[in-house]
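One letter stands for each residue in the lines below.
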Amino acid sequence: MAESISATPVGLSRPQKSPEEIFEAVRAREASLSRLLMAYISSGLVFMLFPGTFLGVWNLIQISGRESLASISAAWIQAHGHAQVFGWVGSFIFGIGYYSIPKLRGGEKGTFAAAWLCWVMWTLGVALRWFANVYSWEWRVLLPISSVLELAAFGIFFHAVSQHRPAEGGKRKLEPWIWVVVGASLGLFLVLLANGALSVYVAVFGRSPEIPHGVDQRYLALMGWGFLAPFVWGFSAKWASVFLGLKPARPGLLLLAVGVSFLGILLVFAGSVKVATVFFAVAAGMAIRALRMWEPAERKPKTRGVHPTFPFFVRMAYGWMLAAALLGVSAAQWDSSGGIWGASRHALTVGFVALMVLSVGQRILPAFAGMRLLWSTNLMFAALALLSLGCALRVSCEILAYQNYATWAWRILPASAVLELGGITAFAINILGTFVFEPSHAAKQPIVAGIQQGLA
Ligand code: HEM
């Protein structure tokens, strides 16, 4: 954010305007920016709750009732995954990405219009995919349309973000964490390209709107270790050391971790899955070391306005990431049911990605959405605790039940899903409560100071 702040023109280049007019212009621009951010975050929350988590819980209840993963529709499982990864996480990334672009802070009308067009195309694209998968209605047409809309939205977003330049007069080099996010954006682009190609393939040759199992597993590896994990690493490099008071990250090592992860993906596509999982585990360990996530903090964490357990949950999320990688290594050796693979994926998507979004999201989104305070810090704790408990039960019992190690574990799985649903719902209520009930302080103080304070 420091760059966007220092690059903010704040109207100072127009001395003919009175200070009141300048202040009003800045206030109006900031209000438009917050509206845009809230649109992305709200649609992300809707995808997370209904098409994502509710469908996930329903799927798990069905699987547990029939004691078999194979008994339910793969199209429904994929609809759930698509809504969570693109509808929720993708919308959040776009919203926060747009919020941080200096060009939008400069108030350029064209860029604003493009950002709204991007939102419409992305939201429609993800919604169509979910609808086609769940209802099997006109899916041969809707699948390709949805993927084209998503790719086009990404193109608009990427065009805006690629205009991002270092601050005038500052060092001409981009900060290292931005390169990690660039790597993750390349991963997102590749996932969307793969999704487009698979959608066309399924539309032409498929008998139902589902991606065939073998290729879906490869696609999921790309999604997890080429897009989701590197994105969280990049944002952690930017924010975690500030919020948790950690020693400065080791950027070279983090970039190397991204490289090792991408090599792992190449190995997956070359058919060497066992070796690839070792690469992912090494990349995960390198990322933890690079971010100094588990080293003692050198400053007090910044927990004003959030629950004091916030740093604990961020560190725990990185524990889930390592568990996901190690479970991947075990799955490549011993999985016979999809249970260890599922546990590994769940540790990554819920334990790592969702726990990070719930932790850091409640830290930064209130400030971004017009300098608000988080609605309830207790609700934040409830969200993080429920999600963590649900995830621990799910990951352990998924292995025990699916692999046939213990039949009692089937009875725990629905409860784990309900706990996770509780955590996700508490998060959504807290963010929407913040948007609706907490007053915006943006009008009362100069916005640049406001944003700095929000991050302080
Ligand atoms: C919070 C509660 C959640 C529940 C109850 C849930 C449930 C499920 C279930 C039952 C499956 C089927 C495979 C298996 O049994 O392991 C699945 C797959 C999947 N889930 Fe979730 N999930 C949840 C959250 C999430 C989140 C937060 C994400 C992503 C950010 C996610 C992404 C995925 C993906 C990508 C798949 C694989 C889809 C495919 O096979 O193509 N899930 N989930």
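Residues numbered from 1 in each chain as written. Predicted model: local features only at pLDDT ≥ 70, side-chain atom pairs only at ≥ 80, totals over all residues. Heavy atoms only, no water.

Caption draft 1: Main features of the overall build of the protein. Counting secondary structure elements, the protein contains 15 helices and zero strands. Based on the C-alpha atoms only, the size of the protein along its principal axes is roughly 75 × 50 × 40 Å. With 456 residues in all, the protein has 55% of them scored as buried. In the protein, once contacts between residues fewer than 6 apart in sequence are set aside, the share between residues at least 24 apart is 82%. Just so you have it, the protein exposes about 18900 Å², and 68% of that area is on carbon and sulfur atoms. For the protein, the centre of its 34 positive side-chain charges and the centre of its 19 negative side-chain charges are spaced 5 Å apart. (Helix = DSSP H or I, 4+ residues; strand = E, 2+ residues; numbered from the N terminus. Buried < 20%, exposed > 50% of the residue type's maximum accessible area, 1.4 Å probe, protein only. Contact = heavy atoms within 4.5 Å. Areas by Shrake-Rupley, 256 points an atom, 1.4 Å probe, with all protein chains shown as cover. Lys, Arg positive; Asp, Glu negative; His and termini not counted. Charge placed at Lys NZ, Arg CZ, Asp CG, Glu CD.)

Caption draft 2: Fine view of the site of the ligand. The immediate surroundings of the ligand are formed by 25 residues, with H80, D216, E398, Y402 and E420 found nearest. With seven residues, helix 3 (residues 74-99) is the single largest residue contributor to the shell around the ligand. Each residue belonging to the shell around the ligand can be placed in one class, and the counts come to eleven nonpolar, nine polar and five charged. (Near = heavy atom within 4 Å. Nonpolar A, V, L, I, M, F, W, Y, C, P; charged D, E, K, R; others polar.)

Caption draft 3: Region of the structure containing a nonpolar patch on the surface. Among the surface-exposed residues, L186, F189, L190 and L193 lie close enough to one another that they form a single nonpolar patch of about 310 Å² accessible area. Secondary-structure assignment places F189 in helix 7 (residues 176-205). (Patch = residues over 30% accessible without salt bridge, like charges linked within 9 Å, V, L, I, M, F, W, Y side chains within 5 Å. Salt bridge = Lys/Arg side-chain N within 4 Å of Asp/Glu carboxyl O.)

Caption draft 4: Representation of the side chain of E420. As for its placement among the helices and strands, E420 is situated in helix 14 (residues 409-437). Among buried charged residues, E420 stands out as having no salt bridge; its nearest opposite-charge side chain is R394, 4.2 Å away. At 3.4 Å, the side chain of E420 and the backbone nitrogen of C391 are in polar contact. When sequence neighbours within four positions are dropped, the list of residues in contact with E420 reads H346, V350, L386, L387, G390, C391 and R394. (Polar contact = N/O pair within 3.5 Å; in protein donor to acceptor, adjacent residues only side chain to side chain.)

Caption draft 5: Structural detail: the nonpolar core. By size, the foremost hydrophobic cluster in this structure holds 127 residues, and its most contacted members are W233 and F352. Core analysis: the next-biggest nonpolar cluster, separate from the first, contains twelve residues, L60, I72, C397 and A417 among them. (Core = buried A, V, L, I, M, F, W, Y, C linked by side-chain atoms within 4.5 Å.)

Caption draft 6: Spatial organisation of the pattern of salt bridges. The tally for this structure, following the rule as stated, stands at six salt bridges. A salt bridge links E295 to R250; the shortest N-O distance between them is 3.3 Å. Taken together, the residues span a long stretch of sequence, with E295 in the loop between helix 10 (273-291) and helix 11 (310-334) and R250 in the loop between helix 8 (213-244) and helix 9 (251-270) at a distance of 45 residues. E298 serves as the salt-bridge partner of R299, at 3.9 Å between the closest nitrogen and oxygen. A residue is classified by how much of its surface remains accessible, and E298, at 46% relative accessible area, is partly exposed. Because the salt bridges share partners, they merge into one network encompassing K247, R250, R292 and E295.

Caption draft 7: Spatial organisation of helix 8. Between its first and last C-alpha, helix 8 extends only 40 Å over 32 residues, short of the 46 Å set by a 1.5 Å rise per residue. Taken as a whole, helix 8 carries its principal kink of about 45 degrees at S236. Among the 32 residues in helix 8, 24 count as buried, and that is most of the element. Once helix 8 finishes, G245 follows within two positions and takes phi at roughly 70 degrees, a positive value. (Expected span 1.5 Å × (residues − 1). Bend = angle between axes of the 7 residues up to and from the residue.)

Caption draft 8: Expanded view of the packing of helix 9 against helix 10. Where helix 9 contacts helix 10, the axes come no closer than 8 Å and their chain directions differ by 165 degrees. Comparing the axis directions of helix 9 and helix 10 gives the class roughly antiparallel. Handedness of the helix 9/helix 10 crossing: left-handed. Contacts from L253, L254, L256, A257, V260, S261, L263, G264, I265, L267 and V268 of helix 9 reach helix 10 at V273, V275, A276, F279, F280, V282, A283, M286, A287, R289, A290 and L291. (Axes fitted to C-alpha atoms, helices over the stretch in contact; angles between N-to-C directions. Parallel < 35°, antiparallel > 145°, perpendicular 65-115°, else oblique. Left-handed = near helix turned anticlockwise from the far one by under 90°.)

Caption draft 9: How the structure looks around the side chain of H307. Following the sequence through the fold, H307 ends up in the loop between helix 10 and helix 11. Within the structure, the side chain of H307 is placed 2.7 Å from the side chain of T309, a separation counted as a polar contact.

Caption draft 10: Spotlight on the environment of G351. Turning to its location among the elements, G351 is positioned in helix 12 (residues 339-368). Note: C-alpha distance between G351 and E175 (176 residues apart in sequence) is 28 Å. Setting aside chain neighbours within four positions, we find G351 in contact with A317, W320, H346 and C391.

Caption draft 11: The arrangement of unusual backbone geometry in detail. The backbone of E67 shows a phi angle near 50 degrees, a positive value even though the residue is not glycine. Relative to the elements of secondary structure, E67 occurs in the loop between helix 2 (19-66) and helix 3. Owing to a relative accessible area of 44%, E67 belongs among the partly exposed residues under this scheme. A positive phi angle is found at S136, which is not glycine, with a value near 50 degrees. Looking at the element boundaries, S136 is found in the loop between helix 5 (109-135) and helix 6 (139-161).

Caption draft 12: Focus on the packing of helix 13 (residues 377-402) against helix 14. Helix 14 packs onto helix 13 with a crossing angle of 155 degrees between their chain directions and a minimal axis gap of 7 Å. Taken together, the axis directions place helix 13 and helix 14 in an arrangement best described as roughly antiparallel. Remark: the crossing between helix 13 and helix 14 carries left-handed chirality. Along the lines of polarity and charge, the residues of the contact of helix 13 with helix 14 split into 21 nonpolar, five polar and three charged.

Caption draft 13: Just the packing of aromatic side chains, in detail. Inspection of the entire model under this criterion finds 28 aromatic pairs. With a centroid separation of 6.0 Å and an interplanar angle of 70 degrees, the aromatic rings of F86 and W122 are classed as edge-to-face. One end of the pair, F86, is in helix 3; the other, W122, is in helix 5, with 36 residues separating them in the sequence. Seen from their ring centres, F312 and F313 are 5.3 Å apart, and the 75 degrees between their planes marks the pair as edge-to-face. (Phe/Tyr/Trp six-rings, centres within 6.5 Å; stacked < 30°, edge-to-face > 60°.)

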